[in-house]
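Topology and contacts: notes
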Amino acid sequence: MSIENLNVSNSYLSFKLENETFAVTVERVHEILEIPTVTKVPKSPDFMTGVINLRGNVLPVIDTRIKFGLAKTDFTIDSCIIVLSIMMENEQITIGALVDSVQEVLELSSEKILPSPALGSKYKAEFIQGMIKNDEDFIMVLNIDEVFSINELHQMKENTSETII
């Protein structure tokens, strides 16, 4: 890798949902957790699994499968929660994203990320920042700030009693 490429390299954490692989920039990843006891929150959005206690703070946990229109499944030994920062109206919010498994950290230069196709993706186009060719498969790079609408974030924030960091 040349010095120029080192300056524009980015790290991405890849994870699986069903048979699809997604990635988020590691700048937004705080940590990866085993699944603890999750407390259900009444009248929360269907994609919100509940909340967990993260070192004294209430962390909303979303089921990424449901958010992306996939079928809900039972947790496995590989299931985990990725603690992420997302931006809402210039405010940083921390959420837990339940995923099937975490794969690896990829070091890529920005030119390795291909534009997402205009047609043919079953996911909303604004969710996908780009695509990474990985052997014969593609990894979808998420624009994590676009995955949730402002209304959804406000609803999650209200359901967790304003204690989201």
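Residues numbered from 1 in each chain as written. Predicted model: local features only at pLDDT ≥ 70, side-chain atom pairs only at ≥ 80, totals over all residues. Heavy atoms only, no water.

Within an unreviewed UniProt entry, the label attached to the protein reads Chemotaxis protein CheW, and the organism entered is Sporocytophaga myxococcoides.

1. Digging into the environment of I77
Considering the arrangement of structural elements, one finds I77 in the loop between α2 (64–67) and β6 (80–88). On a C-alpha basis, the gap between I77 and S101 in space is 8.7 Å, while along the polypeptide they are 24 residues apart. (Helix = DSSP H or I, 4+ residues; strand = E, 2+ residues; numbered from the N terminus.)

2. Quick look at the packing of aromatic side chains
In the structure shown here, the tally under the stated rule is three aromatic pairs. Seen from their ring centres, F15 and F22 are 5.8 Å apart, and the 25 degrees between their planes marks the pair as stacked. For F22, a relative accessible area of 0% translates into the label buried. Relative to F127, the ring of F68 has its centre 5.6 Å away and its plane inclined at 40 degrees; by these criteria the two rings are tilted. Taken together, the positions of F68 in the loop between α2 and β6 and F127 in the loop between β9 (113–114) and β10 (128–134) put the pair 59 residues apart, joining distant regions of the chain. Exposure remark for F68: the relative accessible area of 8% places this residue in the buried category. When its relative accessible area of 6% is taken as the criterion, F127 is described as buried. Above the plane of the ring of F47 lies K67, whose end atom (NZ or CZ) is 5.1 Å from the centre. (Phe/Tyr/Trp six-rings, centres within 6.5 Å; stacked < 30°, edge-to-face > 60°. Buried < 20%, exposed > 50% of the residue type's maximum accessible area, 1.4 Å probe, protein only. Lys NZ or Arg CZ within 6 Å of the ring centre and 35° of its normal.)

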